[in-house]
Structure formats: structure tokens, C-alpha cells
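Summary of the model geometry
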Amino acid sequence: MTGPGPSVLRGVRRTLGTLAARIYLTGCALLLGWALVAASEGSMAIVLPLFATLPASLVLLLLLPEGDTAFLLSMVLGALANAMIIGWCARALRRGKNPDTAS
């Protein structure tokens, strides 16, 4: 064994550092910002960021207590979870082009 594997934080930084994950997070942030500005009494604009961060935000929304803060937290954490998965998939696909012959 060559030593300990990469730390969790290094792995998170590596997966969130991919272009696909950054584009997704930027889109979610812009959509959430637009929804917060456009939301008025009776408006359904806040539902669009929720749809953009499904399924992770829905799971978190069911687990967290009710409230505006929990709703926003579920969307933010859902976007981060989805970005992690998108970044992991992007890295795996990139690795598929150049398979590691050492293993």
C-alpha cells in the first residue's frame, strides 16, 4: 500500500471542481436568486429551484422540520449533493477515456 487514500475534503474539492458541477451550481444559484426576487404572495416561482435540485432536495425537505429556512437549506444542500454526483460522473467518464493500466 502506498499510503492513505485522498482525504474526504480533497475528494469533495475534486468533484466540485469539475466544469459540469460548476455549471450546475451556477445555474441553481441563478435560479434560486431569480425565484427569491420574483416570489410574491401566491407565486410559484420558488418551486422551480426545487425541481432543479430534485431528488436530493426532496429527501432533505422531508427530513428537515418545516419552515422557510429549512426549505432553502434543503435546496442548497440538494444542489451540492447533486453537484457532487455530477462531478463524480464527469470524472469517471473522463477516466474512461484513459483507463489506468497499472491496476
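Residues numbered from 1 in each chain as written. Predicted model: local features only at pLDDT ≥ 70, side-chain atom pairs only at ≥ 80, totals over all residues. Heavy atoms only, no water.

**Some points on the overall build of the protein**
A count of helices and strands for the protein gives 5 helices and 0 strands. Ordered by position in the sequence, the α and β elements of the protein form the string α-α-α-α-α. A burial count over the protein gives 22% of its 103 residues as buried. (Helix = DSSP H or I, 4+ residues; strand = E, 2+ residues; numbered from the N terminus. Buried < 20%, exposed > 50% of the residue type's maximum accessible area, 1.4 Å probe, protein only.)

**Notes on the nonpolar core**
One finds L32, A35, A45, I46, L50 and M75 forming the largest nonpolar core, which totals 6 residues. With residues up to four places along the chain from it excluded, the contact list for A35 reads A45, I46 and P49. Judged by nonpolar contacts, the second largest core, of 5 residues, contains A21, Y24, A79 and A83. (Core = buried A, V, L, I, M, F, W, Y, C linked by side-chain atoms within 4.5 Å. Contact = heavy atoms within 4.5 Å.)

**Examining the side chain of T15**
Tracing the backbone through its elements, the reader meets T15 in helix α1 (residues 8-16). Judged by its relative accessible area of 9%, T15 is buried. A distance of 3.0 Å separates the side chain of T15 from the backbone oxygen of V12, its partner in a polar contact. In this structure, T15 is in contact with A21, A83, M84, G87, W88 and R91, ignoring residues within four places of it in sequence. (Polar contact = N/O pair within 3.5 Å; in protein donor to acceptor, adjacent residues only side chain to side chain.)

**Concerning unusual backbone geometry**
The peptide bond linking L54 to P55 adopts the cis configuration, its omega dihedral lying at 0°. With respect to the helices and strands, P55 occurs in the loop between α3 (47-52) and α4 (56-63).

**Description of a nonpolar patch on the surface**
Together, W34, L48, F51, L54, L58 and L62 line one region of the surface with nonpolar side chains, adding up to about 620 Å² of accessible area. Breaking the nonpolar patch down by element, the ones donating at least two residues are α3 and α4. For L48, the position within the fold is in helix α3. You can call L48 partly exposed: its relative accessible area is 40%. (Patch = residues over 30% accessible without salt bridge, like charges linked within 9 Å, V, L, I, M, F, W, Y side chains within 5 Å. Areas by Shrake-Rupley, 256 points an atom, 1.4 Å probe, with all protein chains shown as cover. Salt bridge = Lys/Arg side-chain N within 4 Å of Asp/Glu carboxyl O.)

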